[in-house]
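# A closer look at the structure
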Amino acid sequence: MARCEVCGNDYGMSFEVHAQGAVHVFDCFSCAIHRMAPICEHCRVQVIGQGVEADGHWYCGAHCARAEGKAGIVDKV
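Residues numbered from 1 in each chain as written. Predicted model: local features only at pLDDT ≥ 70, side-chain atom pairs only at ≥ 80, totals over all residues. Heavy atoms only, no water.

### Here's the deal with the domain arrangement of the protein
Size of an interface: often given as the accessible area lost when the parts come together. With domains assigned, the protein is organised as domain 1 (1-35) and domain 2 (36-76). On a C-alpha basis, the centres of domain 1 and domain 2 stand 25 Å from each other. Contacts between domain 1 and domain 2 engage eight residues on the former and four residues on the latter. Taken together, the connections running from domain 1 to domain 2 amount to zero salt bridges. At the boundary of domain 1 with domain 2, the tally comes to five residue pairs in polar contact (both at pLDDT 80 or more). Mapped by element, the contributors of at least two residues to the side of domain 1 that touches domain 2 are β3 (15-19), β4 (22-26) and α1 (29-36). When residues in the side of domain 1 that touches domain 2 are grouped by element, the largest group, four residues, is from α1. Residues belonging to the side of domain 1 that touches domain 2 are distributed by class as follows: five nonpolar, two polar and one charged. (Domains from an automatic or database assignment. Contact = heavy atoms within 4.5 Å. Salt bridge = Lys/Arg side-chain N within 4 Å of Asp/Glu carboxyl O. Polar contact = N/O pair within 3.5 Å; in protein donor to acceptor, adjacent residues only side chain to side chain. Helix = DSSP H or I, 4+ residues; strand = E, 2+ residues; numbered from the N terminus. Nonpolar A, V, L, I, M, F, W, Y, C, P; charged D, E, K, R; others polar.)

What follows is the structure, given as structure tokens:
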């Protein structure tokens, strides 16, 4: 068993996420999202889907990126 780094639950079905050279341990996807998901720099929502990265900044979508002055950003539909 391994202990979740977010909630501290010691759970037999915990899992690891390997990202940017670090290993993270979680007991559920919601804890993984809480720790790993970037936050939109305009509306402050956690970016769980595709999101938009512009000039090193994360946004939940093109609308928020444009609201922050990023030009030429469009959502893919």
